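One letter stands for each residue in the lines below.
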Amino acid sequence: MRLANRLVGETQGELAKHILPGVTTLQLDKIAETFIRDHGATPAFLGHNGFPNSLCTSVNEQVVHGIPSAKTVLKEGDIVSIDCGTVLNGFVGDSAYTFCVGEVGTEVSKLLKITKEALYLGIQQAVEGRRVGDISFAIQSYCESQGYSVVRELVGHGIGRKMHESPEIPNYGRRGQGPLLRSGMCICIEPMINIGSKNVTIEQDGWTVRTKDRKCSAHFEHCIAIRPDGPQILSSFEFLEEVLGNNRII
Ligand code: MG
Ligand code: MG
């Protein structure tokens, strides 16, 4: 699990070098697929439930599951959520990060900051003996207190030899409720947070989830292991943040 997730982090680092105005999301997809295969792994999303590509690339009001396309050219001020998965030695890695394309506005920048902070608040709750609802509540209460809304239709998940295993890890819920967290569990925590309303819809391609009001949405995801001494993050933003440099890290 550690190796598969580290490779996701390294792939995100490679992508970070190329996320600039003028690049297409299909170019990013090819860079990721090549990088993953060159490291002896396979892209986890490619063919998963029929998904056609190696990355999910979701721009601005798109929440998740955006399909890379030669027609989608990133431009200054966009945000792009990139979700990436690998299968290495039979185990799955899964992590997502919302990147800025050049400079973004302050409203969007704050959305990214709050969503990322919510991810880490959720991770803090991933402790043996607590419940899934403790993670959910930490994310929801923080984001809503900051004036943002939490997408309901998509959730985090257990992970291992398959990308999606039980339990589901919603980004909304009540403290003390839901499945018990145990040492040895691997889970993906992945807040999807909107500037406007929580409501989403699916685009005509049958995959892309976007906000109904077309306001921006952000998505950050880590894969973690619950250990006797607390949560351990298996995926990594370190590679991409090294590329972005301090001034572009949210
Ligand atoms: Mg993911
Ligand atoms: Mg996931």
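Predicted, not measured: the structure shown is a model, and the values here were computed from it.

Explanation requested: the overall build of the protein in the structure shown.
Each helix and strand in the protein was counted, giving 5 helices and 15 strands. The globule rule puts the C-alpha radius of gyration for 250 residues at 18 Å, and the 17 Å found for the protein is close to it. Looking at the protein as a whole, 53% of its 250 residues qualify as buried. Of the side-chain charges in the protein, 25 are positive and 28 negative, and the distance between the mean point of each set is 5 Å.

I keep staring at the pattern of salt bridges and nothing clicks. Help me out?
Pairing between side chains becomes possible if they bear opposite charge and their charged atoms approach one another. The final tally for this structure, using the stated rule, is 11 salt bridges. The closest approach of N and O atoms between Glu-117 and Lys-113, which form a salt bridge, is 3.1 Å. Remark: Lys-113 and Glu-117 occur in helix H3 (residues 106-124); sequence separation between them is 4 residues, near one turn of the helix. Among the charged side chains, a network of salt bridges with common partners joins Asp-29, Lys-30, Glu-33 and Arg-37.

Got a minute to help me understand helix H1 (residues 2-16) in this structure?
One turn of the α-helix equals 3.6 residues, which is why residues spaced by three or four share an orientation. Along its 15 residues, H1 runs 21 Å from first to last C-alpha, staying within 8% of the 21 Å computed at 1.5 Å per residue. Buried within H1 are the following residues: Ala-4, Asn-5, Leu-7, Val-8, Gly-9, Thr-11, Gln-12, Gly-13, Leu-15 and Ala-16.

Would you explain helix H2 (residues 25-38) in this entry?
Its 14 residues place the ends of H2 20 Å apart at the C-alpha level, agreeing with the 20 Å of an ideal helix rising 1.5 Å per residue. Every buried residue of H2 is listed here: Thr-25, Leu-28, Asp-29, Ala-32, Glu-33, Phe-35 and Ile-36. The buried residues of H2 all sit within an arc of 165 degrees when viewed along its axis, so they share a single face. Its buried side turned inward, H2 meets H1, strand E1 (42-43), strand E2 (55-59) and strand E4 (79-88).

Where do I start with the sheet that holds strand E11 (residues 200-202) in this structure?
Strands belonging to one sheet form pairs held by backbone hydrogen bonds; the direction of such a pair is parallel or antiparallel. Strand order across the open sheet formed by 3 strands is E3-E12-E11, with antiparallel pairing between neighbours. Every interior strand has two partners, whereas the edge strands, strand E3 (62-64) and E11, have only one. Each strand of the sheet is rotated relative to its neighbour by a mean of 40 degrees, with strand direction disregarded.

Before we go on, may I ask you to explain the packing of H3 against helix H4 (residues 132-145) in this structure?
When two helices pack together, their arrangement is given by the angle between their axes and by how far apart the axes lie. Relative orientation of the contacting elements H3 and H4 amounts to 155 degrees, with a least axis distance of 8 Å. Judged by the inter-axis angle, H3 sits roughly antiparallel to H4. As for the relative orientation of H3 and H4, their crossing is right-handed in sense. Along the contact surface, H3 presents Ile-114, Glu-117, Ala-118, Leu-121 and Gly-122, while H4 presents Ile-135, Ala-138, Ile-139, Tyr-142 and Cys-143.

How should the coordination of the magnesium ion (ligand 2) be read in this particular structure?
Six octahedral donors at a metal ideally form angles of 90 or 180 degrees, and four tetrahedral donors ideally form angles of 109.5 degrees. For the magnesium ion (ligand 2), the full set of protein donor atoms is Asp-94 (OD), His-157 (NE2), Glu-190 (OE) and Glu-221 (OE), at a range of 2.0 to 2.3 Å. We classify His-157 as buried; its relative accessible area is 5%.

Hey, could you run me through the nonpolar core in this one?
Ile-19, Phe-99, Ile-187 and Ile-189 are the most contacted members of the largest nonpolar core, which has 55 residues in total. Broken down by element, the residue count for this core peaks at 7 residues, all from H3. Excluding anything up to four places from it in sequence, Ile-187 contacts Ala-126, Ile-135, His-157, Gly-158, Ile-159, Ile-169, His-222, Cys-223, Ile-224 and Ile-226. The next biggest cluster of nonpolar side chains, apart from the first, holds 12 residues, and it includes Phe-45, Cys-56, Cys-186 and Leu-234.

Which parts of the structure should I look at to understand the pairing of strand E9 (residues 186-189)?
Both faces of the sheet carry side chains from a regular strand, because those side chains alternate between them. Where burial is concerned, the two faces of E9 agree: the one with Cys-186 and Cys-188 and the one with Ile-187 and Ile-189 are both buried. Pairing geometry for strand E7 (residues 156-158) and E9, over 2 bridges, is antiparallel. By the bridge assignment, His-157 is partnered in E9 with Cys-188.

I keep staring at the environment of Val-243 and nothing clicks. Help me out?
Note on placement: Val-243 falls in helix H5 (residues 238-244). Val-243 sits in the partly exposed class, given a relative accessible area of 35%. When neighbours within four sequence positions are excluded, Val-243 is seen to be in contact with Gly-13, Ala-16 and Lys-17.

Looking at this model, I keep getting lost on the coordination of the magnesium ion (ligand 1). Mind explaining?
For the magnesium ion (ligand 1), the full set of protein donor atoms is Asp-83 (OD), Asp-83 (OD), Asp-94 (OD) and Glu-221 (OE), at a range of 2.0 to 2.5 Å. Mapping the donors of the magnesium ion (ligand 1) onto the primary sequence gives the spacing D-x10-D-x126-E. A spacing of 3.1 Å is found between the magnesium ion (ligand 1) and the magnesium ion (ligand 2), which share Asp-94 as a donor. Taken together, the residues span a long stretch of sequence, with Asp-94 in strand E5 (residues 91-100) and Glu-221 in the loop between strand E13 (217-219) and strand E14 (222-227) at a distance of 127 residues. The burial state of Asp-94 is the same as that of Glu-221; both residues are buried.

Criteria and cut-off values
Residues numbered from 1 in each chain as written. Chains lettered and ligands numbered in written order. Predicted model: local features only at pLDDT ≥ 70, side-chain atom pairs only at ≥ 80, totals over all residues. Heavy atoms only, no water. Helix = DSSP H or I, 4+ residues; strand = E, 2+ residues; numbered from the N terminus. Rg over C-alpha atoms; globule rule 2.2 N^0.38 Å. Buried < 20%, exposed > 50% of the residue type's maximum accessible area, 1.4 Å probe, protein only. Lys, Arg positive; Asp, Glu negative; His and termini not counted. Charge placed at Lys NZ, Arg CZ, Asp CG, Glu CD. Salt bridge = Lys/Arg side-chain N within 4 Å of Asp/Glu carboxyl O. Expected span 1.5 Å × (residues − 1). Arc of directions from axis to C-beta. Contact = heavy atoms within 4.5 Å. Pairing = 2+ DSSP bridges. Axes fitted to C-alpha atoms, helices over the stretch in contact; angles between N-to-C directions. Parallel < 35°, antiparallel > 145°, perpendicular 65-115°, else oblique. Left-handed = near helix turned anticlockwise from the far one by under 90°. Donors = N, O, S within 2.8 Å, 3.2 Å for Na, K, Ca; no water. Core = buried A, V, L, I, M, F, W, Y, C linked by side-chain atoms within 4.5 Å.

Any functional reading would require information that these geometric values do not contain.
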